[in-house]
Amino acid sequence: MEKAYKFREELLQIHKPDIRDISRKTKENEYEFKNGVIISIPKNAGDVITIAANDFADFLKTSMGICAKVEEDCQKGDVVIGIASDSNVDLGEYAHYSGFGIFTDKCGIKVYGND
């Protein structure tokens, strides 16, 4: 029998621990997250970008066993998170209120959204 309110522990757990499949290898066009990964955000980042970057760093640590650091400098880093218009990025057909773009290659990942 389950203890009273034990289900709340699972509900409050945001990221599941240790879900990384270390046997899976990256493909030629994929980026591999490694310890020390830097997540870059703009110096003037709003709450949404700051919270998203810190949550992603927590996910990497908790779920993937990878240490990540959030830094304020949108031009550097393995993962760059920013506003498309601030970075002169054209999102094409996704350039609307809720649109965003994720660009990835073997050098890193860039995520841009609309303001």
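This section reports on the structure supplied with the text. Since this is a predicted model, take the numbers as computed values, not measurements. (Residues numbered from 1 in each chain as written. Predicted model: local features only at pLDDT ≥ 70, side-chain atom pairs only at ≥ 80, totals over all residues. Heavy atoms only, no water.)

1. A few points about the overall build of the protein
Here comes step 1: Scanning the protein from terminus to terminus reveals two helices and five strands.
Here comes step 2: If you list the helices and strands of the protein from N to C, you get α-β-α-β-β-β-β.
Here comes step 3: The C-alpha extent of the protein, read off along each of the three principal axes, is 55 × 35 × 25 Å.
Here comes step 4: In the protein, of all internal contacts separated by at least 6 residues, the share reaching a separation of at least 24 is 65%. (Helix = DSSP H or I, 4+ residues; strand = E, 2+ residues; numbered from the N terminus. Contact = heavy atoms within 4.5 Å.)

2. What to know about the packing of aromatic side chains
Here comes step 1: For the structure shown, the criterion picks out four aromatic pairs.
Here comes step 2: Measuring from centroid to centroid gives 6.2 Å for F56 and F59, while their planes differ by 20 degrees, and the two rings are stacked. Here F56 pairs with F59, and both are found in helix α2 (residues 47-64), just three residues apart, close to one helical turn.
Here comes step 3: A centroid spacing of 6.3 Å and a plane angle of 50 degrees characterise the contact between F103 and Y112, whose relative ring orientation is tilted.
Here comes step 4: Judged by its relative accessible area of 39%, F103 falls in the partly exposed class.
Here comes step 5: Accessibility expressed as a relative area gives 8% for Y112, which makes it buried. (Phe/Tyr/Trp six-rings, centres within 6.5 Å; stacked < 30°, edge-to-face > 60°. Buried < 20%, exposed > 50% of the residue type's maximum accessible area, 1.4 Å probe, protein only.)

3. Side note on α2
Here comes step 1: A rise of 1.5 Å per residue sets the reference length of α2, with its 18 residues, at 26 Å; its end C-alpha atoms lie 25 Å apart and thus fit the reference within 8%.
Here comes step 2: Summarising the contacts, the buried residues of α2 are in contact with β1 (37-41), β2 (68-72) and β3 (79-83).
Here comes step 3: Following α2 by one or two positions, G65 adopts a phi angle in the positive range, close to 70 degrees. (Expected span 1.5 Å × (residues − 1).)

4. A closer look at the nonpolar core
Here comes step 1: Counting residues in hydrophobic clusters, the biggest one holds 14 residues, and the most contacted among them are F33, V37, I39, L60, V79 and I81.
Here comes step 2: Put simply, the parts of the chain that give this core at least two residues each are β1, α2 and β3.
Here comes step 3: If you tally residues by element for this core, the top one is α2, at four residues. (Core = buried A, V, L, I, M, F, W, Y, C linked by side-chain atoms within 4.5 Å.)

5. Some thoughts on the pattern of salt bridges
Here comes step 1: Counted under the stated rule, the structure contains two salt bridges.
Here comes step 2: With its nearest N and O atoms 3.1 Å apart, the salt bridge here joins R24 to E30.
Here comes step 3: A relative accessible area of 48% means that R24 is categorised as partly exposed.
Here comes step 4: Of the residues examined, E30 reaches a relative accessible area of 25% and is grouped as partly exposed. (Salt bridge = Lys/Arg side-chain N within 4 Å of Asp/Glu carboxyl O.)

6. Points about unusual backbone geometry
Most of the time, phi is negative for any residue but glycine, and the peptide bond is trans.
Here comes step 1: Positioned with a positive phi, N88 is a non-glycine residue whose angle comes to about 55 degrees.
Here comes step 2: Topologically, N88 is positioned in the loop between β3 and β4 (100-105).

7. Details of the pairing of β2
Regular strands place their side chains on alternate faces of the sheet.
Here comes step 1: Pairing geometry for β1 and β2, over five bridges, is parallel. Residue I39 lies in a different strand from β2, and its bridge partner there is V70.
Here comes step 2: The handedness of the β1 to β2 crossover, carried by α2, is right-handed. (Pairing = 2+ DSSP bridges. Right-handed = clockwise from strand over helix to strand, strands pointing away.)

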